[in-house]
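# Structural overview for review
What follows is each chain in one-letter form.
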Amino acid sequence: MVSDIFNGRVDLQKFRTPAYVTFLDKLEENLKALKRVEDESNARVLLALKAFSMYETFALISRYLKGTVSSGINEAMLAREYFGGEIHVYAPAFKAEEVRALATFCDSIVFNSEAQIDKFANLARKTARESGREIHIGLRVNPEYSEVETQIYNPCARGSRLGALRESLTDGIADKIDMIHFHTMCEQNSDVLERTMHHFEKKFGDIIDRVRFANFGGGHHITRSGYDTGRLVKIVKDFYTRHSNIEKVYLEPGEAVALNAGYFAARVMEVVKNGVEIAILDCAVPCHMPDVIEMPYRPRIVGAGEPGEKKYTYALGGRSCLSGDRVGEYSFDEPLRENDILFFEDMSIYTMVKTNTFNGMGLPDIDMFDSRSGRLDVVKSFGYSDFKGRL
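### Here we look at helix α1 (residues 24-41)
Over its 18 residues, α1 runs 26 Å from end to end, which matches the ideal 26 Å to within 8%, given 1.5 Å per residue. The first or second residue beyond α1 is N42, which carries a positive phi of 65°.

### Observations regarding the pattern of salt bridges
Evaluated as defined, the whole model comprises 30 salt bridges. Put simply, K66 and E38 hold a salt bridge, and the shortest N to O gap is 3.3 Å. Highlighted residues: K66 in the loop between α2 (58-61) and β3 (67-70) and E38 in helix α1, separated in sequence by 28 residues. By relative accessible area, E38 is classed as buried at 6%. For R133, the salt bridge identified is with D107, shortest N-O distance 3.9 Å.

### Thoughts on unusual backbone geometry
Note on backbone geometry: most residues besides glycine have negative phi, and most peptide bonds are trans. With an omega of -5°, the peptide bond running from T17 to P18 counts as cis. Summarising the element assignment, P18 is placed in the segment before β1 (19-23). Between M295 and P296 the backbone carries a cis peptide bond, its omega angle lying at -15°. Residue placement: P296 occurs in the loop between α10 (291-294) and β12 (312-317). Residue N7 is not a glycine yet carries a positive backbone phi of 55°. By the element assignment, N7 lies in the segment before β1.

Conventions used here
- Residues numbered from 1 in each chain as written.
- Predicted model: local features only at pLDDT ≥ 70, side-chain atom pairs only at ≥ 80, totals over all residues.
- Heavy atoms only, no water.
- Helix = DSSP H or I, 4+ residues; strand = E, 2+ residues; numbered from the N terminus.
- Expected span 1.5 Å × (residues − 1).
- Salt bridge = Lys/Arg side-chain N within 4 Å of Asp/Glu carboxyl O.
- Buried < 20%, exposed > 50% of the residue type's maximum accessible area, 1.4 Å probe, protein only.

Here is the structure:
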């Protein structure tokens with residue numbers, strides 16, 4: 001056995017792989033940190049479901065966070081069913097039937113352009129009133145400033161479709177909306193937000209001073225070691241001071257909620273050789289860890305080192321037909337053997353929400369582990385019907 005994240009409290013012979021395992025105690029540590037930011041800054045912190053939608057944990061998360069932000073109607077419906085609290089939704093474009101449905105239960109709909117607002121804002125407000133509710137209309141804007149280096153994740157890249165440019169807005173836009181929203185960050189510290197605020201206020205200050213709410217989007221790595229929470233709190237407080245009309249500032253972290261709170265477990269099925277030792281795992285990278293290829297990046301493995309750092313080096317790959325189904329090269333203190341389990345770190349975020357069944361690959365189990373009680377719960381297992389049902 002290469003490693004054991006459960007410290008001997010789970011029978012690994014009976015432990016099913018592949019599996020995502022979320023540690024509830026680590027999740028709660030993150031939530032406490034986010035709640036402190038909320039209390040100290042008077043911002044409202046929302047869970048971004050696009051990063052983490054494991055609804056079995058929503059009862060815990062909702063004890064600390066007051067709501068969610070969704071990227072479309074399905075996530076919003078999941079929030080209504082399992083989370084409650086405030087429900088916000090944004091998408092680059094909406095259909096009329098989606099707006100009509102969302103307006104019956106959402107607290108805000110953030111549109112991507114003034115044209116979308118002209119098309120749908122009245123429909124949203126009318127539908128909400130008929131449901132006995134109030135809905136806030138928001139606009140996502142593009143400050144044309146971002147420090148995101150990986151362009152696929154850069155919302156302000158040249159030609160980006162995300163957010164309205166200042167030059168595209170009419171003088172009357174502030175009369176049409178309640179909220180102004182920007183999202184320009186990805187896994188970054190509060191110093192980046194501070195520099196972004198200068199551009200946001202310079203371009204959109206006249207609009208900010210005429211709306212009720214402001215949303216600073218996601219990408220705030222608040223729960224990462226070394227993150228400057230004091231600076232974040234000051235940025236929010238100073239924003240309130242400069243803009244006394246703003247009733248509430250929203251932050252919508254996704255990664256920060258479940259950062260380092262989960263693992264992905266995969267077993268070694270066979271070791272082959274083709275110039276290097278190759279360990280084939282009972283998973284598929286494009287199906288179960290797609291960001292490894294999409295970003296790309298090299299995930300950490302518990303107990304493993306860089307190639308050549310430890311005595312035994314292996315190239316790790318999955319069992320799909322894609323030749324690029326590879327994780328990378330890692331070294332270990334002992335040789336890898338069939339049935340050894342590898343635990344990939346930080347695998348709660350952007351994993352379960354992105355899985356697919358390419359090659360008919362089975363979806364991993366979804367598990368929860370409580371380190372305090374030693375209890376492992378299999379939340380969900382998948383089978384043939386889940387593959388068939390997607391086709």
